Amino acid sequence: MARIAGALRQGWRWVKGLPRWLRRTLAVILVVQTVLAVAAVGYVTSVDLPPDPAPPQASVLYYRDGRTVLARIGLTDRTDVTLDRVPPGVRQAFLAAEDRGFYDHYGVSVRGLARALWANVVDDSGEGASTITQQYVRNAYLTQERTVSRKAREAALALKVEDRYGKDEILQRYLNTIYFGRGAYGIEAAAHAFFGVSVDRLTTEQGAVLAAMVKDPTRGDPAKDPEWTLDRWKWILRAMSDAGWLPQGAADRTPYPRVAPESVTAAAIDGPIGLITDRVEDELAGAGFTRQQIRTGGLTIVTTLDATAQRSATTSITAALDGQPKELRTALVAIDPHDGGVRAYYGGDRGRGFYDDALAARPPASTFKPLVLAAAEERGISFRSYYNGTSPRVFSDRGGAPLYNQDNLQCPVCPLDVAMVHSLNTPFYAVAEKIGPHRIRDLALRLGVPEKYGDQATMVDLKGEPAPGRTRADIAIGRYAVAPADMASVYATLAGGGARTGRHFVESVTAAGGTLLHRHEADPDRVLDEDVAADVGAVLSQVVDEEGRVPGVPAAAKTGSQQYGDTTDSSDAWTAGWASGLAAAVWVGREKPGPIRTRDGKAINGDGMPYQIFRNFLSGALAGRPVDALPRAANVGRPDTGDLETIGGQVKMAPGLIYQGPRKGDLVDRSLAVGTWRQRTARLDDALDEQRAAGLDFSVALVDRRTGQRYDYRGNREFETASVVKVPLLAALLLKAQDEGRDLTTAEEQRARKMIVASDNDAAVQVYAAIGGVNGLRQALERLGLDDTDPDKRFGLTTTTAKDQIRMVSALTGAAGPLTGDSKETILQLMGSVNADQTWGISAASFEGESTAQKNGWMARSTEDNRWIVNTTGRIHGEKTDVALSVLSHGHRTREEGIESVERIAALTRSHLGW
């Protein structure tokens, strides 16, 4: 005792030796700490521990009327187990994931709580600081609101729980109440839902998978985001190793356990409503509710969905898809432009947790043209302005590839509203180049397209495309993918006169006891001038007049069809539009891009099935409701801001005149292909003899790979190759790379593209040198089986035959040969992407729906009085066509005359043989 008293006197003398200001500061701190401690004890004492929580209750979703039930979510699978049935390794996995110091603290992490309080007060970040005890308290007794008062009550209750129950009891309660996803509450239900076993048969590795899901039960499901779950699973195993519960390095050596792809125990909501409940839950999770609270809290959730509109959406889509091919998919999203509420939603009919087509980004095609018009009007260009609507046109950012209007329609002096009605590509592409494609992207972002899908920026070229990270004028024809739900938001903003309100599904949420937990507040944002929006609506009402009016409803709409490759099929077909009070976007396509057709084999375009769904939906959704007329055009901008100076050649100059331009196959006369193959070849011989008698020197060779039929006319006649030899040159370069066990370098790829796509001679000279000149080419020709081709130092003077050129095409399309599949695909892809000035030749023997991979060449020979060599060779491929065709010729007075001659010969060949 004397020793203690001496120590106190010594301490007091030390304090008295401190400066007066420091003594006063220490006194204040001591008093404040004492007061806070007393207050904390008083607060904890005042908080009563509620009775054990009631069993989970399903939450009810209502339509916007607040009375009609939309769905019930949260039917649960739960079986409580005692802690001794949970294997020790599984318990340790949860401790490692959520609270390694669980057995050492008194229920609250002081440091974590201070950090969370600071984050909430200073940053308003809603950061948590949860021990396992706190998590149990929050799930069992509290709401999920992120406030200082709730966190203080959570801490107080955690201390009470720790005082009443032992650690093992708390851990047992926690493991029996936590939500794991798939409708499973508690570890026993989770063991069945994810692994098909009871809890006592779980391995440590399986337990770590379940522990990984606690952080985010939806994303953590390995069937939803396996990469995220795997990363967290490895993190948990490393944490267990650090705690001494597993050997070091176990995370890298332990195989990941197999997880059932879906739960057989979880209740599901089928049909289109299933995806709606997913979207509602996602929205509430973003607003701070946990999925456990949503599924067990007995919440009353009033949605924005309209029962009549939803019924109309489902009925219209079901009727349209009845009896159609099973691979067809569709999506419909309808939004009230005044408050952003989703009134109808269809992303698929397979129920909860399945792929949502309404959120899948697809090329919107011509439904993006109204955005081009709006961006143009923002810069003073009127929809009455005249633009060059001829087809095809060549634009600077397409790498020389020509742009066509659908069906090659021509409208040389074309007002933009007429171009919109007939969905012409070339005028709107010209507008995009004039005002800048980035301005259209900026407008799209303002109207409702998000800046990113995942980590990828929207509406910009991807890696490997012409301008990675930048927006090209291709945005004008809808080549950049946008989700149907976001297109609905864009059109809702236009329908709302340029005022954007956030798309949402939930109006209000009320707790089981009647407390209002959440209410959506609309916050319109003016993003587009009202007069511009009125003009766009007026123009799109002309589209509705053209496509077919909506019965009893004044409407505006735009259809769109994304071309599948270079065929006449579409891969994505759209209609988007609005009436007063309701905007909608409809998409029809496939899960993986491919041709979409009806059961009768007819191509589906935007003005077909999607427009039918749109009309029927809008008519049904608005039935019996007064619908206002659309605003009149405000005529923004000047009408004298077009680009008619770009028109060249002989065209019809009447303003607004639409007429049919040349189409593929115009030179082919199908009526001549009658009789047996021998009869047809005999008549073709006679027709070609007539061409020779007129002074032409040429040869033709053909192989029909579909039937095996072959034909040649003077096929062994030698001609100088001109640029046709560039295909064997590229083949030789690829063979060299194959032999060296490597891919082409970036420089080689660029030279190859220039050589084939743009027929660049400088690039060809570099490739010729790289393969070893004459000897290198000769060796490659031998491997490819081209015995009739004789290399020359000047590659264009190399001689070949039409039959040898067919052998070259066969080497690219057959299964055998020295070229790998990737090498063949590289060459054919480049041959199918040639610039506009390279698309003549054998393409004259093809029809719409068929693709052409070709290489053409011309050259004037000074030794022949500057007469022209003109050659064309390649492949014509379609659903019922697979032909290799080559026409070689020389002696033409002009290049144009030569091109006309070889195209006539190619067309004659198809006319008579009719492959």
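Everything numeric here is computed off the predicted structure, so don't read it as measured data.

1. With respect to the overall build of the protein chain
Right, on to step 1. Scanning the protein chain for helices and strands turns up 29 helices and 27 strands.
Right, on to step 2. Going through the 915 residues of the protein chain one by one, you find that 54% of them count as buried.
Right, on to step 3. Long-range pairs, those at least 24 residues apart, make up 70% of the contacts in the protein chain between residues at least 6 apart in sequence.
Right, on to step 4. Surface exposure of the protein chain reaches about 40800 Å², of which carbon and sulfur atoms provide 49%.

2. Overview of the pairing of strand E2 (residues 69–73)
Right, on to step 1. Of the strand pairs in this sheet, strand E1 (residues 59–62) and E2 are connected by 4 bridges, and their pairing is antiparallel. By the bridge assignment for E2, Tyr-62 is matched with Val-69.
Right, on to step 2. Here E1 folds back onto E2, and the loop between the two strands holds 6 residues, one of which, Gly-66, carries a positive phi near 75 degrees.

3. Observations concerning the sheet that holds strand E21 (residues 697–704)
Right, on to step 1. Pairing in this open sheet of 5 strands is antiparallel, and the strands run E22-E21-E27-E26-E25 from one edge to the other. Either end of the sheet is taken by a strand with one partner, and the two such strands are strand E22 (710–713) and strand E25 (851–861). Within this sheet the neighbouring strands show an average axis-to-axis angle of 5 degrees, counted without direction.
Right, on to step 2. The pairing of strand E26 (residues 867–878) with strand E27 (residues 881–892) spans 10 bridges and is antiparallel. Following the sheet pairing, Asn-871 is matched in E27 by Leu-888.
Right, on to step 3. This element, helix H29 (residues 895–913), spans E21, E22, E25, E26 and E27 of the sheet and lies at about 145 degrees to E27.

4. Considering the packing of helix H3 (residues 88–98) against helix H9 (residues 204–213)
Right, on to step 1. The N-to-C vectors of H3 and H9 enclose an angle of 35 degrees; their axes lie 8 Å apart at closest approach. Judged by the twist between their axes, the crossing of H3 over H9 is right-handed. The residues of H9 that touch H3, namely those facing Gly-89, Val-90, Ala-93, Phe-94, Ala-97 and Glu-98, are Thr-204, Gly-207, Ala-208, Leu-210 and Ala-211.
Right, on to step 2. Broken down by class, the residue content of the contact of H3 with H9 amounts to 7 nonpolar, 3 polar and 1 charged.

5. A short note on the confidence of the model for the protein chain
Right, on to step 1. When pLDDT is averaged along the protein chain, the result is 89; 89% of the residues meet or exceed 70.
Right, on to step 2. Every residue in residues 34–44 scores below 50 in pLDDT, and together they form 7 contacts with partners more than four places removed in sequence or on other chains.
Right, on to step 3. Note on residues 143–148: pLDDT is under 50 here. Beyond four places in sequence and across chains, it has 18 contacts.

6. With respect to the side chain of Arg-680
Right, on to step 1. Mapped onto the elements, Arg-680 comes out in helix H22 (residues 677–693).
Right, on to step 2. Buried within the structure, Arg-680 lacks any salt-bridge partner; Asp-704 is the closest side chain of opposite charge, at an N-O distance of 7.5 Å.
Right, on to step 3. When neighbours within four sequence positions are excluded, Arg-680 is seen to be in contact with Ala-673, Val-674, Gly-675, His-912, Leu-913 and Gly-914.

7. Details of a negative patch on the surface
Right, on to step 1. A cluster of like negative charges, contributed by Asp-743, Glu-749, Asp-822 and Glu-825, occupies part of the molecular surface.
Right, on to step 2. The residue Glu-749 is located in helix H24 (residues 746–757) in this model.
Right, on to step 3. In this structure Glu-749 comes out as partly exposed when scored by relative accessible area, which is 44%.

8. Some remarks on the sheet that holds E2
Right, on to step 1. The 5 strands lie next to each other as E2-E1-E6-E14-E15, forming an open sheet whose pairing is mixed. Every interior strand has two partners, whereas the edge strands, E2 and strand E15 (516–519), have only one. This sheet shows a mean twist of 15 degrees between the axes of neighbouring strands, independent of strand direction.
Right, on to step 2. Relative to strand E6 (residues 300–303), E1 runs parallel, the two being bridged by 3 bridges. Note that in E6 the partner of Tyr-62 across the bridge is Val-302.
Right, on to step 3. Its contacts with the sheet put helix H12 (residues 272–286) on E1, E2, E6 and strand E14 (506–510), and the angle it makes with E2 is roughly 70 degrees.

9. Comments concerning the environment of Pro-593
Right, on to step 1. If you trace the backbone, Pro-593 turns up in the loop between strand E19 (582–589) and helix H21 (609–621).
Right, on to step 2. The exposed category is assigned to Pro-593, whose relative accessible area is 61%.
Right, on to step 3. Distance in space between the C-alpha atoms of Pro-593 and Arg-362 is 9.1 Å, their sequence separation being 231 residues.

10. A few points about the state of the cysteines
Right, on to step 1. The final tally for this structure, using the stated rule, is 1 disulfide.
Right, on to step 2. Covalently, Cys-411 is tied to Cys-414 through a disulfide, its sulfur atoms 2.5 Å apart. The S-S bond linking Cys-411 to Cys-414 shows a torsion near 100 degrees; that makes this disulfide right-handed.
Right, on to step 3. The class for Cys-411 is buried, based on a relative accessible area of 0%.

11. Quick look at the pairing of strand E7 (residues 329–335)
Right, on to step 1. With 7 of 7 residues buried, E7 lies mostly within the body of the structure.
Right, on to step 2. Note that E7 and strand E8 (residues 342–346) share 4 bridges and pair antiparallel. Counted as the bridge partner of Ala-334 is Ala-344 from E8.
Right, on to step 3. Where E7 folds back on E8, the antiparallel hairpin that results is connected by 6 residues, among which Gly-340 adopts a positive phi of roughly 80 degrees.

12. Here we look at the packing of aromatic side chains
Right, on to step 1. As enumerated under the stated definition, the model contains 11 aromatic pairs in all.
Right, on to step 2. Seen from their ring centres, Tyr-345 and Phe-505 are 5.2 Å apart, and the 75 degrees between their planes marks the pair as edge-to-face. You can see Tyr-345 sitting in strand E8 and its partner Phe-505 sitting in the loop between strand E13 (499–500) and E14, a full 160 residues away along the chain. For the pair Tyr-345 and Phe-505, a shared accessibility class is recorded, and that class is buried.
Right, on to step 3. Residues Tyr-768 and Phe-795 carry aromatic rings whose centres are separated by 6.4 Å and whose planes lie at 85 degrees to one another, so their mutual orientation is edge-to-face. Highlighted residues: Tyr-768 in helix H25 (residues 761–770) and Phe-795 in the loop between helix H26 (773–784) and strand E24 (799–800), separated in sequence by 27 residues.

13. Points about the environment of Pro-427
Right, on to step 1. Its location among the elements puts Pro-427 in helix H17 (residues 425–435).
Right, on to step 2. Sequence separation of Pro-427 and Arg-393 is 34 residues, and the distance between their C-alpha atoms is 9.6 Å.
Right, on to step 3. Ignoring anything within four residues of it in the chain, the contact list for Pro-427 reads Tyr-387, Asn-388, Gly-389, Asn-405, Leu-416 and Ala-419.

14. Points about the environment of Thr-318
Right, on to step 1. The topology assignment puts Thr-318 in helix H14 (residues 307–321).
Right, on to step 2. C-alpha of Thr-318 to C-alpha of Ile-613: the two residues are 295 residues apart in sequence and 9.3 Å apart in space.

15. Description of H3
Right, on to step 1. In terms of burial, H3 is a largely internal element, 8 of the 11 residues being buried.
Right, on to step 2. Listed as buried for H3 are Gly-89, Val-90, Ala-93, Phe-94, Leu-95, Ala-96, Ala-97 and Glu-98.
Right, on to step 3. Looking at the packing, one finds that the buried side of H3 touches helix H5 (132–141), helix H7 (167–177), strand E4 (179–181), helix H8 (187–195), H9 and helix H10 (226–242).

16. So, the pattern of salt bridges
Where charged atoms from two side chains of opposite charge approach closely, those side chains can pair.
Right, on to step 1. All chains considered together, the criterion is met by 47 salt bridges.
Right, on to step 2. Between Glu-378 and Arg-379 there is a salt bridge; the shortest N-O distance is 3.6 Å.
Right, on to step 3. Relative accessible area serves as the criterion here: at 31%, Glu-378 is assigned to the partly exposed category.
Right, on to step 4. As a salt-bridge pair, Arg-783 and Asp-739 come within 2.9 Å of each other at their nearest N and O atoms. Note that Arg-783 is positioned in helix H26 and Asp-739 in helix H23 (residues 726–739), a separation of 44 residues in sequence.
Right, on to step 5. In this structure Arg-783 comes out as partly exposed when scored by relative accessible area, which is 39%.

17. Details of the nonpolar core
Right, on to step 1. Core analysis: the largest hydrophobic core is formed by 88 residues, its most contacted members being Ile-301, Phe-368, Ile-440, Leu-528 and Trp-578.
Right, on to step 2. Apart from residues no more than four positions distant in its own chain, Ile-301 is found in contact with Ser-59, Val-60, Leu-61, Tyr-62, Val-280, Leu-284, Ile-294, Val-506, Ser-508 and Val-509.
Right, on to step 3. Of all hydrophobic cores here, the second largest spans 54 residues; its members include Val-81, Val-209, Met-213 and Ala-250.

18. Side note on the side chain of Arg-279
Right, on to step 1. Its location among the elements puts Arg-279 in helix H12.
Right, on to step 2. The buried category is assigned to Arg-279, whose relative accessible area is 15%.
Right, on to step 3. Polar contacts involving the side chain of Arg-279 include one to the side chain of Asp-356, which spans 2.6 Å.
Right, on to step 4. Each residue touching Arg-279, except ones within four places of it in the same chain, is listed here: Tyr-345, Asp-356, Leu-359 and Phe-505.

So, how was this worked out
In every chain, residue numbers begin from 1 and rise along the written sequence. Per-residue local features of the predicted model are confined to residues with pLDDT of at least 70, and side-chain atom pairs are confined, for both listing and counting, to 80 or more; whole-chain, interface and lining totals are unaffected and use all residues. To get the side-chain values, take all heavy atoms of the structure and skip hydrogens and water. Every helix listed is a DSSP run of H or I at least four residues long, and every strand listed is a run of E at least two residues long, numbered separately from the N terminus. Relative accessible area decides the class of each residue, using a 1.4 Å probe on protein chains only: under 20% of the type maximum gives buried, over 50% gives exposed, and in between gives partly exposed. Residue contacts are counted whenever heavy atoms from the two residues lie within 4.5 Å of one another. Each accessible area is a Shrake-Rupley estimate made with a 1.4 Å probe; only the visible protein chains count as cover when residues are assessed. Two strands pair under a simple rule: DSSP has to find at least two bridges between them. A fitted line through C-alpha atoms serves as each axis, taken over the contacting stretch for helices, and the angle formed by two N-to-C directions is quoted from 0 to 180°. By convention, the crossing between two helices is left-handed when the near helix turns anticlockwise from the far helix through less than a right angle, and right-handed when the turn is clockwise. Basically, the charged four are Asp, Glu, Lys and Arg, the nonpolar ten are Ala, Val, Leu, Ile, Met, Phe, Trp, Tyr, Cys and Pro, and anything else, Gly included, counts as polar. pLDDT runs from 0 to 100 and stands for how confident the predictor is about each residue. Positive charges come from Lys and Arg, negative ones from Asp and Glu, while His and the chain ends are left out of the count. The salt bridge criterion pairs a side-chain nitrogen of Lys or Arg with a carboxyl oxygen of Asp or Glu, the two atoms within 4 Å. Distance thresholds for patches are 9 Å for like charges and 5 Å for nonpolar side chains (Val, Leu, Ile, Met, Phe, Trp, Tyr), applied to residues having over 30% relative accessible area and no salt bridge. By convention, the point assigned to a charge is CZ for Arg, NZ for Lys, CD for Glu and CG for Asp. The disulfide definition used here is simple: a pair of cysteine sulfur atoms within 2.5 Å. Side-chain rings of Phe, Tyr and Trp (the six-membered ring for Trp) are treated as a pair once their centres are within 6.5 Å; stacked means planes under 30 degrees apart, edge-to-face means over 60, and tilted covers the remaining angles. Working definition of a nonpolar core: buried Ala, Val, Leu, Ile, Met, Phe, Trp, Tyr and Cys residues. They are joined through side-chain atoms within 4.5 Å. In protein, a polar contact means a hydrogen-donor-capable atom and an acceptor-capable atom, both N or O and within 3.5 Å, with residues adjacent in sequence counting only if both atoms are side-chain atoms; elsewhere, any N or O pair within 3.5 Å suffices.

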